[in-house]
Amino acid sequence: MKNEGKSAQRPDNTAFTQQRLPAWQPILSAGIVIPGFLIIGLAFIGIGIGLFLTSQTIQVQEMDYTGVEKDSPCFRCTIPSNLNCTCEVTFSLSTLFTGPVFFYYGLSNYYQNFRRYGVSKDYNQLTGDTRYFKSRSPEEDCSPYSYDSNNNPIVPCGAIANSIFNDTFELYQIINGTKKQVPLDGRGISWWTDYNIKYRNPSPVNGSLAKAFDGTVKPINWPRPAYELDLTDPNNNGFLNQDFLVWMRRAALPQFRKLYRRITDGDYAAGLPAGNYSLTVHYNYPVLSFDGRKKVVFSNVSWMGGKNNFLGLAYLVVGSLCVVMSVVMLVVYAKFKFSDDDDA
Amino acid sequence: MLRRRLNRLCGGDEKRVDSRTIYVGHRPCPDTEAFIPSKFCDNRIVSSKYTVWNFLPKNLFEQFRRIANFYFLIIFLVQVIVDTPTSPVTSGLPLFFVITVTAIKQGYEDCLRHKADNEVNKYLVTVLEDGRSVKKESEKIKVGDVVEVVEDETFPCDLILLQSSREDGTCFVTTASLDGESNHKTHYTVPDTEKDLQALTATIECEQPQPDLYKFVGRMHIYKPEQEPAVRSLGPENLLLKGATLKNTKKIYGVAVYTGMETKMALNYQGKSQKRSAVEKSINAFLLVYLCILISKAVVCTTLKYVWQSKEGQDEPWYNQKTQKEKDTNMYLKMFTDFLSFMVLFNFIIPVSMYVTVEMQKFLGSFFITWDKDFFDPEIQEGALVNTSDLNEELGQVEYVFTDKTGTLTQNNMEFIECCIDGFQYKHRDTWSEVDGFTVTDGPVNKLQQKAGQEKEELFLRALCLCHTVQVKEAGSEEVLTDQVDGIDEMRPQLEEERGFIASSPDEIALVKGAMKYGFTFLGLESKSMKIKNRENNIEEYKLLHVLNFDPVRRRMSVIVQTKSGETLLFCKGADSSIFPRVKPEEVDRIRMHVERNATEGYRTLCVAFKQLSAEEYAVADTGLREARLALQDREEKLIAVYNQVETGMSLIGATAVEDRLQEEAAETMEALQGAGMKVWVLTGDKMETAKSTCYACRLFQRGTELLELTLRTLEDERLKREEKLRELLQEYHRKAVQDAPPVKAGVTRSWSTANQDYGFIIDGATLSIVMNPQHEVDASQYKSLFLQICQNCTAVLCCRMAPLQKAQIVKMVKTSKGSPITLSIGDGANDVSMILEAHVGIGIKGKEGRQAVRNSDYAIPKLKHLKKLLLAHGHLYYVRIAHLVQYFFYKNLCFILPQFLYQFFCGYSQQPLYDAAYLTMYNICFTSMPILAYSLLEQHISIEILLDNATLYREIANNAMLRWRPFLYWTLLGIFQGLLFFFGVRFLFSNPALQDNGQVFGNWSYGTIVFTVLVFTVTLKLALDTRHWTWINHFVIWGSLAFYVFFSFFWGGIIWPFLKQQRLYFVFANMLSSVSAWLVIIILIILSLLPEILLVVLRKPRGPHSRQMAAVTPLSYKHLKERY
């Protein structure tokens, strides 16, 4: 035994090589699982109730304004020849719509998640790199929204930018027959990082953003070039336009909503009081060609975001499932244990 | 490859001839028409596969010949060529990684081979050229060169020994590097060659190169001026093999006959054929299923895409118009590229990394076998050896164990027990136990209790001393011998005694030592004369005329010697069955009883006979032998014919009994194997009685076992011919063992219920060959199936008197029988090599009969007793580990890709990936690979001790239980369930994408990231649930990978990466975490997808057959384990 250590051939006697590492074996015994299930179940039911109740408190006012039906206010705007069409959608609120109120527009059967659509942009342009205004980094990505018919480069190029949602809305409260405009806040509707880091405008030439876009043309569907997107706020132009950024973040599903405005200012900071409202729609965005629908949604949000009953219900169901399971297991276990005792 | 290369190198023209002619020293011979130096290949050894130039193309070609690599290459190329959803990097990177790592590994190995080749090829050797010694690089040796080799040098090529510095024209070599046998072997110079090699004019005719190390036939023509050319036969004893080392001899000269790649060593260099494990077959079957899933997914998506597009406005809405190029593309071409795109999108379902992980698991896992200190044998100072790691899991699937007897079940440590001379039994009293007693001082003569005639007695002992091929080792042997003679009662340490003699078979040493105990000592063989010291301490000298070598077919050997007085004697020893027919029948009866009794006691018996040859008889025999030895063709057959002719009409003088002790724990091991549901078959060349008693001793046969015998003895029947009797017996046994046996529940559950009658089956080689090759071809299959059915219903089967090839035949028969059971062969000798190679798993024992079995085995262990742990613990664990690994890999990729597939229904079948490219690539490489690798290396679902104590646990994984279609279906359904849950859970959440408390909405990458997060956590926690053996490594990798995933996601989304075309994931992960809803949905989805698994574990647990017993021992705590070492 003395020369054992000397032999080079002899395997090391360590816990690892001998597969004897100290180990711990978890046992899912009934004593752990049944109370565990019960606790999880009860916790889930608790969370579920909380979620469900929260979701119930969220107020939602949803209106389809596509104008498919003949009697709907926007029907006349659906005729393609009718340019610069405006229509008015009215609604009334019976109780105070607690603020801050978020104003969404929604589209359905609209595939922002098309693969070709999704890659149809030039990120280098959108970081304000003017070198890419005239040449495209991967040439084919933006195609066929890369050059206009005169072969002028389009900036921002690509399908996403070109198809930006361009209906605009004005909201009025009707007080005694007169319209009082509700101020809509267009700030803070896009992700902070998108606005502050990810997207960048080209550096202005001689103090003018427009000069930086020299030699380029606006996307075909746009009424105005990028540097004139918001005539009222010079900081909301170019690629750093909030609506543009919201649009550029592609929706996950063909039925989606995007944040349009927030109602946070003035008399309406506490919410929309009960009463009648009128929504003026500048109807520009055609969706009927692909059987799409447009809607506007007013909603307030809670800590869990917008209204969504699914999560609360899911928690309630899973929670009760756990509780039921723990009871079933208790029965099975009791039965098994008794028979086990009989054996012994 | 090697062969083809060889043919090219050596020129095809001389291949057609079946012998080659070599001119010694390149000197032309007088009577041959003209000296045509034929071309042979040079002495360069090329073991490397590649050169610097062809490495890249050749290595890549070889790697892409693997079907999996090729598949991934195709996917990669499709991604490069076609406009596909994911960038080529996602599949190119892992493929590149795998290919590079493999290439580096193979390049490094090849580099080492180059180095080793160079070392050999550039080695300086001395060549005799025109009377001068010239130093030459080894690679420049040509066939026909006369080469000088000094002591302790290795031979640079295959040489015919011409001259030795030893007087008797012999030299000693060890072939340790060739076959691992470290004993010294004697080689002989060609007789009658000139002392002056310069004057030697000779040609050598010999066969073309062939790989058998122990076969060589050739003929040497020696031309002397004005004389008829002399012809000498050449055999393996004249051939010095490249790679062997010269020992105990100052220097030798030899002529090169085979060089370079034609040497026997190089020809033996070829690798063994690859064995594939059953698990690998399962993997391939599963792969096929997944390939079908993949293709059908792609087909479904492509079809639905075109159905969907046919609806107006869907194909090309105004916001997403097609490019001109797209519009111009042919519709069918578009469909095809769409199909390919979907294939690419879903190709992750068959991951590259699975192959890498499986291979890594096997490679790393096999270290645990070599590391196991329980396999370390202090005697030989060696542990287990793993020659291939491909078969680790096969060790857990063994159904049939074929074991050799000698050296495997028994120790092959022979001890002379007794002898029987002329019918009188001589038992040597055990001096060892009576060292201090007085009875032993009388000397050996008194120990013979009942005496035969003095003459007979001495004749018998002389026969033992002469009839063998034992050598006396030179160093110190004199001393040992004198000691032995002077003080017989003094116990010599075993080791020193063994140093005295060297022989290929331990039986021979035992016999020579046995004779020594009775006063006849073999002193050695010097220049053809054997010296014996007899009882009166006189030295007798015998001239050794011929040795009729032992071979397993004849099962005997003989020597022809000439005494001082000129008598020519033939001594023969061999198995009783081969001796009895060749001696006078009346002598047989006296001895047969003893032989049979000894055999039943488990001793190895040999009979000794002798014959006095008259001068005429000898002359006939002598010429016959010489002629046969000179024959170039069919030399073996001719020799055997002469042997048979000479070895007749002998008279029997006695028999010997040698004990071969059982290996340590042989019985326990066999019992454990049987308990584990394995059928143990003993295949031995030994005789039936001996083998049977060994089987009883090993408890393979028990007292209650009914033996069904099918041997030549039972076939002897006056009424019937052998074959008819055989058929009758087979049918009878079949009725007994198969039809009348109570119906066996499918597969495993048999034979531990003691109520059943146990059957043991015995068959011998001769009968087996009738079964295999009956006279009428039609019966063959019937006999075989009857035989197999009987055997399968017996607890143990003993096949005795087997030739090596028959052993392999049996293994093959079982291997190919219904259900193709997994077979394991274990043996230690050269005669077991064929069955070791034939069986699914071949195990070599590092025993005494050389290293051939070890070299050809898949695993080698020092002792039989180690087999138990190797199979019951290592095999079981490896199987469970790899089976789980495989199932888990398929499962995790199914639930990885299923959401991506489902997403196609929501994105207009546009091949939009759900996950970011980084996630697609990293999922299998980083996020989920380490935990399963750690699991598959460390898992012990049942601790090793329990596995060893309860052999029956082995049955639970029998028949590939964890990789059958049922568990596969279970895992697949689990994957589908979870995949559906992940996707639709998030889908319902996204019915309102405003998930943040500031009212902002989430986009498609947030969707994918939430699904992916749930996915990574779920599959990792699923593995955590399955882990039964949590070491710190498991903790580290499981929690580490989850932490790494979170860290990576932050990092990946936290920086604007300059090399990325689109910053898709920028701050997506962080934003997701800022949403309470996302948290809640992640938690509930993880819990919900693991819920069924937990329920199953809890509800299934108490129902297991071993629940109670396992529950009592399995909860290992840290403390508990620490106490044990």
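This is a predicted model, so every value here is computed, not measured.

What follows is about the UniProt feature "transmembrane region" (unreviewed entry) in chain B. All names here are of chain B. What UniProt calls "transmembrane region" (unreviewed entry) maps, in this numbering, to residues 64–82, 285–308, 339–358, 918–938, 968–990, 1005–1024, 1036–1057 and 1077–1099. The straight-line gap between the two end C-alpha atoms of residues 64–82 is 21 Å; of that span, 84% is helix and 0% is strand. Overall, residues 968–990 shows 96% helix and 0% strand. The separation of its end C-alpha atoms is 33 Å.

Moving on, we come to the sheet that holds strand E1 (residues 19–23) of chain B. Residue and element names in this part refer to chain B. The strand order across the open sheet formed by four strands is E1-E8-E9-E10, and the pairing between neighbours is antiparallel. For this open sheet the edge positions go to E1 and strand E10 (230–234), each flanked by a neighbour on one side alone. Across the sheet, the mean angle separating the axes of adjacent strands is 20° when strand polarity is ignored. Of the pairings in the sheet, the one linking strand E8 (residues 201–207) to strand E9 (residues 218–223) comprises six bridges and is antiparallel in character.

As a further point, take the confidence of the model for chain A. Predicted coordinates in regions of low pLDDT should not be interpreted in detail. When pLDDT is averaged across chain A, the result is 87; 94% of the residues are at 70 or more. Segment residues 1–7 of chain A: pLDDT under 50, and three contacts once partners within four positions in sequence are set aside and those in other chains are kept.

Take the interface of chain A and chain B next. If you look at the interface, chain A gives 88 residues, while chain B gives 105 residues. Summed over both partners, the interface of chain A with chain B comes to about 8,800 Å²; 61% of that surface belongs to carbon and sulfur atoms. For the chain A face of the interface with chain B, the top three residues by lost area are Gln 19, Arg 115 and Trp 191 of chain A, together amounting to 10%. Our count for the chain A to chain B interface comes out at two salt bridges. As a salt-bridge pair, Lys 1061 of chain B and Asp 141 of chain A come within 3.1 Å of each other at their nearest N and O atoms. The tally of links from chain A across to chain B stands at 30 residue pairs in polar contact (both at pLDDT 80 or more). Taken together, the elements giving at least two residues each to the side of chain A that touches chain B come down to helix H1 (30–57), strand E4 (101–108), helix H2 (115–119), helix H6 (192–198), strand E7 (256–263) and helix H9 (309–343) of chain A. The leading source of residues in the side of chain A that touches chain B is H9 of chain A, at 13 residues.

Bringing the UniProt feature "transmembrane region" (unreviewed entry) in chain A into the picture now. Residue and element names in this part refer to chain A. As recorded in UniProt, the feature "transmembrane region" (unreviewed entry) lies at residues 27–53 and 313–334. The straight-line gap between the two end C-alpha atoms of residues 27–53 is 37 Å; of that span, 89% is helix and 0% is strand. Counted over residues 313–334, helix gives 100% and strand 0%. Its end C-alpha atoms are 31 Å apart.

Our focus in this paragraph is the sheet that holds strand E9 (residues 275–283) of chain A. Residue and element names in this part refer to chain A. Spatially, four strands are ordered E2-E9-E5-E6 in an open sheet, and the strand pairing comes out antiparallel. The outermost strands of the open sheet, each flanked by one partner alone, are strand E2 (85–93) and strand E6 (178–182). Ignoring strand direction, the axes of neighbouring strands in this sheet form an average angle of 30°. Summarising the sheet, strand E5 (residues 168–175) and E9 pair through seven bridges and their orientation is antiparallel. Bridge assignment links Glu 170 to a residue of E9, and that residue is Thr 280.

Take unusual backbone geometry next. The linkage connecting Ser 143 of chain A with the following residue, Pro 144 of chain A, adopts the cis geometry, with an omega of 0°. With respect to the element layout, Pro 144 of chain A can be found in the loop between helix H4 (131–134) and helix H5 (159–162). Of the consecutive residues Val 155 of chain A and Pro 156 of chain A, the connecting peptide bond is found in the cis state with omega at -10°. Tracing the chain through its elements places Pro 156 of chain A in the loop between H4 and H5. In this model, Asn 176 of chain A sits at a positive phi of 55°, which is unusual for a non-glycine residue. Here Asn 176 of chain A lies in the loop between E5 and E6. On the basis of relative accessibility, which here comes to 77%, the residue Asn 176 of chain A falls in the exposed class. Of note in the backbone geometry, Phe 1067 of chain B takes a positive phi value of approximately 60° without being a glycine.

Tallied over the entire structure, the rule returns three disulfides over all chains. One disulfide bridge connects Cys 74 of chain A with Cys 87 of chain A, the sulfur atoms lying 1.9 Å from each other. Taking the sign of the S-S torsion, 80° for the link of Cys 74 of chain A and Cys 87 of chain A, the bridge is right-handed. Placement of the pair is Cys 74 of chain A in the loop between strand E1 (60–64) and E2 and Cys 87 of chain A in strand E2, with a sequence separation of 13 residues. Taken individually, Cys 74 of chain A and Cys 87 of chain A each receive the classification buried, so the pair is uniform in this respect. Two residues, Cys 142 of chain A and Cys 157 of chain A, share a disulfide whose sulfurs are 1.9 Å apart. On the criterion of sequence distance, the pair formed by Cys 142 of chain A in the loop between H4 and H5 and Cys 157 of chain A in the loop between H4 and H5 is long-range, its members being 15 residues apart. A relative accessible area of 2% places Cys 157 of chain A in the buried class. Here chain A pairs its bonded cysteines, counted in sequence order, in the arrangement 1-4, 2-3, 5-6. Its sulfur unpaired, Cys 791 of chain B is 6.1 Å from the next cysteine sulfur, which belongs to Cys 794 of chain B. Looking at the unpaired Cys 907 of chain B, the closest cysteine sulfur is the one in Cys 301 of chain B, lying at 8.5 Å.

Definitions and limits used
Residues numbered from 1 in each chain as written. Chains lettered and ligands numbered in written order. Predicted model: local features only at pLDDT ≥ 70, side-chain atom pairs only at ≥ 80, totals over all residues. Heavy atoms only, no water. UniProt positions renumbered as here; feature names shortened; annotations may be inferred. Helix = DSSP H or I, 4+ residues; strand = E, 2+ residues; numbered from the N terminus. Pairing = 2+ DSSP bridges. Axes fitted to C-alpha atoms, helices over the stretch in contact; angles between N-to-C directions. pLDDT = per-residue confidence, 0-100. Contact = heavy atoms within 4.5 Å. Buried area = accessible area lost by both parts, 1.4 Å probe. Salt bridge = Lys/Arg side-chain N within 4 Å of Asp/Glu carboxyl O. Polar contact = N/O pair within 3.5 Å; in protein donor to acceptor, adjacent residues only side chain to side chain. Buried < 20%, exposed > 50% of the residue type's maximum accessible area, 1.4 Å probe, protein only. Disulfide = S-S within 2.5 Å.

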